[in-house]
Amino acid sequence: MARLKPPAIIVLGSGATATARRIAACYPDARVHGLRGRVQAGSGATAADVLFDELGAHLRELYASGTPIVALCAAGIVIRCVASLLANKGAEPPVLAVAEDGSAVAPLLGGLAGVNVMAREIAAALDVPPAITTSGELRFGTCVLNPPEGYALASLAQGKRFVSDLLAGESTRIEGDAHWLDDAQLPRSADAQRAIRITPHAWDGNIDELVIHPRSVVVALTDGEDAAQRIRDALAAQALSPLALAAIVAPAARMGDEAFEQAARALNAPLRFADVADVTDGTNSANGTNAAAVMDVKDSHAAPASLSSRALLTAALDPDSEIADSASGVALAVAAGPVDVNTIGRARGRLTVIGLGPGSADLMVPAARAALDQATDILGYATYVEMAGPFRADQQVHPTDNREEMQRARRAFELASGGRRVVMVSSGDPGVFAMASAVLEALDASDAPEWADVELEIVPGVSAAMATAAQAGAPLGHDFCMLSLSDNLKPWSIIETRIAHAAQADLVMAFYNPVSRARPWQLDKALDIVREFRAPETVVVLGRDIGRPGASLVTMTLGELKSADVDMRTMVIIGSSTTREFVRRSAHGAPREWVYTPRWYR
Ligand code: SAH
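Residues numbered from 1 in each chain as written. Predicted model: local features only at pLDDT ≥ 70, side-chain atom pairs only at ≥ 80, totals over all residues. Heavy atoms only, no water.

1. Some points on the packing of helix H7 (residues 227-237) against helix H8 (residues 258-267)
(1) Moving on: It is at 8 Å that the axes of H7 and H8 come closest, and there the two elements cross at 50°. Viewed along their axes, H7 and H8 adopt a mutual orientation that is oblique. Between H7, through Ala227, Ala228, Ile231 and Arg232, and H8, the contact on the second element is made entirely by Ala263, Ala266 and Leu267.
(2) Moving on: For the contact of H7 with H8, the residue count by class is 6 nonpolar, no polar and 1 charged. (Axes fitted to C-alpha atoms, helices over the stretch in contact; angles between N-to-C directions. Helix = DSSP H or I, 4+ residues; strand = E, 2+ residues; numbered from the N terminus. Parallel < 35°, antiparallel > 145°, perpendicular 65-115°, else oblique. Contact = heavy atoms within 4.5 Å. Nonpolar A, V, L, I, M, F, W, Y, C, P; charged D, E, K, R; others polar.)

2. Some words on the pattern of salt bridges
(1) Moving on: The final tally for this structure, using the stated rule, is 25 salt bridges.
(2) Moving on: Arg173 is the partner of Glu175 in a salt bridge, and the nearest nitrogen-oxygen pair spans 2.4 Å.
(3) Moving on: Among the ionic pairs, Arg197 bridges to Glu209, the shortest N-O distance being 2.4 Å. Taken together, the positions of Arg197 in strand E11 (residues 194-198) and Glu209 in strand E12 (residues 209-214) put the pair 12 residues apart, joining distant regions of the chain. Per residue, the accessibility class of Arg197 equals that of Glu209, and both read buried.
(4) Moving on: Each of Arg544, Asp545, Arg548, Asp567 and Arg569 takes part in one network of salt bridges that share partners. (Salt bridge = Lys/Arg side-chain N within 4 Å of Asp/Glu carboxyl O. Buried < 20%, exposed > 50% of the residue type's maximum accessible area, 1.4 Å probe, protein only.)

3. A word on the site of the ligand
(1) Moving on: As a structural note, the neighbourhood of the ligand is formed by 20 residues, with Val432, Ser463, Ala464, Met568 and Thr570 the closest of them.
(2) Moving on: Taking Asp429, its main chain carries an N or O atom lying 2.8 Å from an oxygen atom of the ligand.
(3) Moving on: Between the ligand and Val432 there is a distance of 2.7 Å, counted from a nitrogen atom to a backbone nitrogen or oxygen.
(4) Moving on: Within the complex, 94% of the 540 Å² of free accessible area of the ligand lies under protein.
(5) Moving on: A domain split of the shell around the ligand shows at least three residues from each of domain 4 (350-462) and domain 5 (465-596). (Near = heavy atom within 4 Å. Polar contact = N/O pair within 3.5 Å; in protein donor to acceptor, adjacent residues only side chain to side chain. Areas by Shrake-Rupley, 256 points an atom, 1.4 Å probe, with all protein chains shown as cover. Domains from an automatic or database assignment.)

4. With respect to helix H18 (residues 492-504)
(1) Moving on: Given a rise of 1.5 Å per residue, 13 residues ought to cover 18 Å, and the 18 Å separating the end C-alpha atoms of H18 matches this to within 8%.
(2) Moving on: What H18 keeps buried is the set Trp492, Ile495, Ile499, Ala502 and Ala503. Across the axial projection of H18, the buried residues extend over an arc of 95°, all falling on one side. Turned more than 90 degrees away from the buried face of H18 sit His501 and Gln504, all of them exposed.
(3) Moving on: Those residues of H18 that are buried are in contact with strand E23 (480-484), strand E24 (508-512) and helix H19 (522-533).
(4) Moving on: Of the residues flanking the end of H18, it is Asp506, one or two places downstream, whose phi is positive at about 60°. (Expected span 1.5 Å × (residues − 1). Arc of directions from axis to C-beta.)

5. Let's talk about unusual backbone geometry
(1) Moving on: The amide bond that connects Gly389 to the next residue, Pro390, takes the cis arrangement and shows omega of 0°.
(2) Moving on: Structurally, the position occupied by Pro390 is in the loop between helix H13 (382-388) and strand E19 (396-400).
(3) Moving on: Positive phi values are uncommon outside glycine, yet Asp29 reaches one of about 75°.
(4) Moving on: Among the structural elements, Asp29 can be located in the loop between helix H1 (17-24) and strand E2 (31-35).

6. Looking at the sheet that holds strand E6 (residues 69-71)
(1) Moving on: Strands sit in the order E5-E2-E1-E6-E7-E8 across an open sheet of 6 strands; the sheet is mixed. Both outer strands of the open sheet, strand E5 (50-52) and strand E8 (105-109), are each paired with one neighbouring strand and no more. The sheet shows a mean angle of 25° between the axes of neighbouring strands, taken without regard to direction.
(2) Moving on: Pairing between strand E1 (residues 8-11) and E6: 3 bridges, direction parallel. Bridge pairing in E6 places Ile9 opposite Val70.
(3) Moving on: Across the sheet, helix H2 (residues 55-64) lies against E1, E2, E5, E6, strand E7 (95-98) and E8, angled at about 170° from E1, the strand it touches most.
(4) Moving on: Strands E6, E7 and E8 of the sheet are contacted by helix H3 (residues 75-82), whose axis makes an angle of about 15° with E8. (Pairing = 2+ DSSP bridges.)

7. Description of the sheet that holds strand E15 (residues 271-274)
(1) Moving on: Overall, mixed pairing links the 4 strands, which are arranged E15-E14-E13-E16 in an open sheet. Either end of the sheet is taken by a strand with one partner, and the two such strands are E15 and strand E16 (330-334). Averaged over neighbouring strand pairs, the angle between their axes works out to 25° when direction is ignored.
(2) Moving on: As defined by bridge partners, strand E13 (residues 217-221) adjoins strand E14 (residues 245-251) across 4 bridges and the pair is classed as parallel. In the sheet register, Val219 faces E14, and the bridge partner there is Ile248.
(3) Moving on: Its contacts with the sheet put H8 on E13, E14 and E15, and the angle it makes with E14 is roughly 175°.

8. Points about the environment of Gly13
(1) Moving on: Within the fold, Gly13 resides in the loop between E1 and H1.
(2) Moving on: Its relative accessible area of 18% is what places Gly13 among the buried residues.
(3) Moving on: Among residues more than four places away in sequence, those in contact with Gly13 are Arg38 and Val39.

9. Remarks on the packing of aromatic side chains
(1) Moving on: Enumeration according to the criterion identifies 6 aromatic pairs in this entry.
(2) Moving on: Here Tyr381 and Tyr384 contribute two aromatic rings whose centre-to-centre distance is 5.3 Å and whose plane-to-plane angle is 80°, an arrangement assigned as edge-to-face.
(3) Moving on: Since its relative accessible area comes to 24%, Tyr381 is described here as partly exposed.
(4) Moving on: When the centroid spacing of 5.9 Å and the interplanar angle of 85° are considered together, the rings of Phe582 and Tyr596 count as edge-to-face. A residue pair is termed long-range when its members are at least 10 positions apart, and Phe582 in strand E28 (residues 580-585) and Tyr596 in strand E29 (residues 591-596) qualify at 14 residues. (Phe/Tyr/Trp six-rings, centres within 6.5 Å; stacked < 30°, edge-to-face > 60°.)

10. Some thoughts on the side chain of His213
(1) Moving on: Secondary-structure assignment places His213 in strand E12.
(2) Moving on: When neighbours within four sequence positions are excluded, His213 is seen to be in contact with Gly150, Tyr151, Ala152, Ala154, Thr199, Pro200, His201, Ala202, Trp203, Ser241, Leu243 and Ala244.

11. Considering the UniProt feature "domain: Tetrapyrrole methylase" (unreviewed entry) in the protein
(1) Moving on: Per the UniProt annotation, the sites labelled "domain: Tetrapyrrole methylase" (unreviewed entry) are residues 350-561.
(2) Moving on: Helix makes up 36% of residues 350-561 and strand 24%, and the two end C-alpha atoms of the span are 45 Å apart. (UniProt positions renumbered as here; feature names shortened; annotations may be inferred.)

Dropping the structure here:
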């Protein structure tokens, strides 16, 4: 079983919070998620750590991000909420329904992700029997097809057939170290025809065997060309399964080489880097330890040698090595059990600059969510870092003051160049008056080779102007510009000139950073300039805290607009001469006001 994220425990009313807290106590970092309006936010026994607005959307988002769900409500409600996402059986996290009063625990989905294990844990905490319905699980007390982290099932289809056979009365041997099955009530027999085999060697199609691979094979190579195929060939030559691959090791000088990245993606194995110099110094002379590091994999039942990452790397990265297979250029080593890849070389660091969107989780792009889930370190202005959470205990959060942008950008590179997976958080879009420019400025100013090696990616987000415009209708439907009214980093005279030109050019204008305590007069000055070119009837949209609690959207005219209507959390959209506003009333509903700028121009 891969390591699970902490579960989200869902409550729809304060009556369920006591049970939710008892469940949360079983899992470090578990959070109680409460329906807004029914449950208060807070950390107390009757409160929820996180609030959500709509159950269906919230459960689907949790499910899609692989978060285990424990919902304290009717099973049917949960099933209906996630039904549209159920096509892909392989990727489902555990989903359980628990009775509000703790009297029933029903595992619903995620058999291969350990839902029954969770059901037993939660049921034990609540002192009730779990409602386990999986036949194999009931009979054997464990899910045989769900090996622990560090192991992979060779074939799910064969696994299901194998378990059915056991349920039908067959017995099995166990070959290799399957310590997690020690307490399972399996029908064991030393001379059984069927066998559960724990081996890095590929399953040969024998339907009497259930093969589980320890991720115990490390390959190393110096040249990335066609690497995936060469690794596959090298594994096949030793009858090893690609599923047993724990890591691919490349020379540190090849960091950033796309060929290696591709191979790692194709083989779904982590890529690690090391220097030949790192591994050939000291006592590990190239030829002294290599032979011990590389098991004679042809003899499949021999006890594998212990893996020495230094020696292995020496083997692969040293062109004079006797071990590196000169034909394929791929060195293989097999450890006795799953390998902790963190002990081998180092990872290529990653820095992902993301935008959270305006605030609500459903306006954050999935790539940003994925980057946050994978991050080891999260940096950003404290308010935004908090919006991006909650985070796991293994994730390090580095909140900073809003003004320390360059320092923050450099810190992000320092962390990433040490092999961390760093996420830099902005609101809205990271490239619009936000951290992406600061990060690139820091990189531009540095000639540190280790910074250039960092895998840098910028993930776009929904900017405040877009989010506000969408609420109002389509005021940005024709040519527009975005301007920051902050004169912290540019002279006010430049801002005045730009506003005058934009107003004269009849562009719709989106004002970011319209006012702040330190900049009280600038907005009035800007509006004076706009009014020189635009009529008092010009449509203006003010969006405040769009996508956040307490959001407000106001439409008015340029003549009515006063700077007192605006604060630093407001987006100001000033329409062009063609921007229009109208109201439609449906037969039954309330009137709805719309603002748009037509696509055409007279
Ligand atoms: N990168 C951000 C902008 C940062 S500048 C983005 O793309 O949205 C900060 C300014 O953006 C604020 O002063 C305000 O004018 C605007 N803003 C940011 N979030 C907002 C929101 N949720 N609602 C309205 N305006 C917002």
